[in-house]
Amino acid sequence: MILELFILILFVGAIVAGFVGSLTGLGGGVVIIPLLTFGLGVDIRYAVGTALVTSIATSSGAAIAYIKEKITNVRIGMFLEIATTLGAVAGALIAVYLNKQYLAVIFGCVLIFSALRMTVKKAAQDSDDNTGTSRIAEKLKLNGSYPTAQGVVRYRVKNVIAGYFIMMGAGVLSGLFGIGSGAFKVLAMDTVMKIPFKVSATTSNFMVGVTAAASAVVYFRRGYIDPGLAMPVVTGVLLGAFLGSKILPKASVAKLKLFFGIVISFLAVSMIYNGITGKM
Amino acid sequence: MKKTFDKKSSPRKDVDTYIGKLLRFGVFLSCGITLTGGLIYLFQQHGAVTDYSPIPFGEPFGVENYLRDFSTILSGIAAFDGAAIIQLGVIALIATPILRVIFSLLIFLIEKDYLYVAITSIVLLIILTNMILGLH
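Enquirer: Honestly, the overall build of chain B in this entry has me stumped. Any pointers?
Expert: Looking only at helices and strands, one finds 5 helices and 0 strands in chain B. A burial count over chain B gives 42% of its 136 residues as buried. Of all intrachain contacts in chain B linking residues separated by at least 6 positions in sequence, the fraction that spans at least 24 positions is 52%. Carbon and sulfur atoms provide 71% of the accessible area of chain B, an area that totals close to 8100 Å².

Here is the structure:
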């Protein structure tokens, strides 16, 4: 394909990826990897390297707006980042020995299950669930508050240990697949630790950037990050993430969950397809 | 009395402002460099045909060697090479979240929140180890 057209297609795809990523806390690689591999016939290793760049750009671009909104909980992010980075290292080590085809299919099934659970389940009220908290959350100062149109909402974090281990699982998946696995990060915080969805999404966004940056250095040195792919993706994703972050504070949580459920299903189908066709 | 104190000089507010500035700087810098490099790249590679088709595992793979190392990228920039300039933008992008973690560490130090100084140090240590091990 002629260079100019190729870059234009990728640029538009990157805007979509940045938009979706900043709204859901996903890395944005969910859109970029299928676009590059199925759509443009690019080698999976370049796709993974580009997806990492996408994740960082989405994360940083959206975080600019979130910081102002004061939704992100840096303490929760930093504490759980221990789990994800450790998991990512473990995942990269396991990757050498495990058959990625089976993993992709299993991963896809897990994602579909999570998406169904989240969208079918009646959306729990985030704000008035203020009873009880775990002692660990108290000790780690994880409880916080965030502003809404109706005033400041306080929240208490629960099931810290369970959330921590799911985060470690999310980290392993990032190490294995090179994606941000923001989907699992949000599930751990939102569903298990009972952190309000918007806080989960923005904190996951912060974490995705940190984890992806650590692995991106490795990919960069291996030559998996190509300037011709990185250029339209970085600029497009930042533009998309900026647009997405403008919408998030106004978005309703129920609609976000439905949207997020569709995004997870999209990811699941592409993973299963990759697994069965042996493209992973 | 207490309310005005909280509102006026809360350290968290300064922290958020600084982190916001760092992110904005990092993002605009990397975006600007990448875009500049991209335009030069488009000009230099004008009309070229892209080929990123899959290469079998085990065979030589990846971008040209000079685009993988910081020092050779710098010499590429001196030679006005568009691809090298884009890579510098990517490096700035990768550095931003890592700087944010370092920044958080300093802030927890200033706030004398030693529990989170420890937690953030562990995170940095893991990232650093991952980088060094991964470089191999």
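Enquirer: Help me understand the interface of chain B and chain A, please; the structure alone is not making it clear to me.
Expert: Quoted interface sizes are often the accessible area lost when the parts come together. The partner chain A presents 60 residues to the 61 residues of chain B that form the contact. Between chain B and chain A, the buried area comes to about 5600 Å², and carbon and sulfur atoms account for 73% of it. The tally of links between chain B and chain A comes to 4 salt bridges. Among the salt bridges present, the one from Glu111 of chain B reaches Arg75 of chain A, with a minimum N-O distance of 3.8 Å. Remark: the boundary between chain B and chain A carries 11 residue pairs in polar contact (both at pLDDT 80 or more).

Enquirer: In this structure, what is going on with the packing of helix H3 (residues 70-78) of chain B against helix H4 (residues 82-110) of chain B? I would like to understand it.
Expert: Two packed helices can be described by the angle between their axes and the distance between those axes. Residue and element names in this part refer to chain B. Following both chains from N to C, one finds H3 and H4 inclined at 135 degrees, their axes separated by 8 Å at the closest point. Comparing the axis directions of H3 and H4 gives the class oblique. In terms of crossing hand, the pair formed by H3 and H4 is left-handed. Of H4, the residues touching H3 (which contributes Phe70, Ile73, Gly76 and Ile77) are Ala84, Ile85, Gln87, Leu88 and Ile91. Classifying every residue of the contact of H3 with H4 gives 7 nonpolar, 2 polar and no charged.

Enquirer: Just checking my understanding: could you explain the packing of helix H10 (residues 227-247) of chain A against H4 of chain B for this structure?
Expert: Their axes nearest at 9 Å, the elements H10 of chain A and H4 of chain B cross at an angle of 55 degrees. Considering their axes alone, H10 of chain A and H4 of chain B lie oblique with respect to each other. Handedness of the H10 of chain A/H4 of chain B crossing: left-handed. Two secondary-structure elements touch here, H10 of chain A through Pro227, Ala230, Met231 and Val234 of chain A and H4 of chain B through Ala83, Ile86, Gln87, Val90 and Leu93 of chain B.

Enquirer: Teacher, can you tell me more about the environment of Phe11 of chain A here?
Expert: Along the chain, Phe11 of chain A turns up in helix H1 (residues 3-24). Apart from residues no more than four positions distant in its own chain, Phe11 of chain A is found in contact with Pro232, Thr235, Gly236 and Leu239 of chain A.

Enquirer: What is the right way to read the packing of aromatic side chains from this model?
Expert: The relation between two aromatic rings is expressed through the spacing of the ring centres and the mutual angle of the planes. Under the counting rule described, the total for this entry stands at 6 aromatic pairs over all chains. Ring centres 5.9 Å apart and planes at 85 degrees place the aromatic pair Tyr164 of chain A and Phe165 of chain A in the edge-to-face group. Residue class for Tyr164 of chain A comes out buried when judged on its relative accessible area of 18%. Among the aromatic side chains, those forming a connected cluster through ring pairs are Phe6 and Tyr46 of chain A together with Tyr52 of chain B. Residue placement shows Arg75 of chain A over the ring face of Tyr116 of chain B; its charged tip is 5.3 Å from the ring centre.

Enquirer: Looking at this structure, I do not really get a nonpolar patch on the surface. What am I missing?
Expert: Taken together, the side chains of Met1, Ile2, Leu5, Leu8, Ile9, Val12 and Val16 of chain A together with Val49 of chain B present a nonpolar region at the surface, about 680 Å² in accessible area. Position of Leu5 of chain A relative to the elements: it lies in helix H1. Assessed through its relative accessible area of 42%, Leu5 of chain A is described here as partly exposed.

Rules behind the numbers
- Residues numbered from 1 in each chain as written.
- Chains lettered and ligands numbered in written order.
- Predicted model: local features only at pLDDT ≥ 70, side-chain atom pairs only at ≥ 80, totals over all residues.
- Heavy atoms only, no water.
- Helix = DSSP H or I, 4+ residues; strand = E, 2+ residues; numbered from the N terminus.
- Buried < 20%, exposed > 50% of the residue type's maximum accessible area, 1.4 Å probe, protein only.
- Contact = heavy atoms within 4.5 Å.
- Areas by Shrake-Rupley, 256 points an atom, 1.4 Å probe, with all protein chains shown as cover.
- Buried area = accessible area lost by both parts, 1.4 Å probe.
- Salt bridge = Lys/Arg side-chain N within 4 Å of Asp/Glu carboxyl O.
- Polar contact = N/O pair within 3.5 Å; in protein donor to acceptor, adjacent residues only side chain to side chain.
- Axes fitted to C-alpha atoms, helices over the stretch in contact; angles between N-to-C directions.
- Parallel < 35°, antiparallel > 145°, perpendicular 65-115°, else oblique.
- Left-handed = near helix turned anticlockwise from the far one by under 90°.
- Nonpolar A, V, L, I, M, F, W, Y, C, P; charged D, E, K, R; others polar.
- Phe/Tyr/Trp six-rings, centres within 6.5 Å; stacked < 30°, edge-to-face > 60°.
- Lys NZ or Arg CZ within 6 Å of the ring centre and 35° of its normal.
- Patch = residues over 30% accessible without salt bridge, like charges linked within 9 Å, V, L, I, M, F, W, Y side chains within 5 Å.

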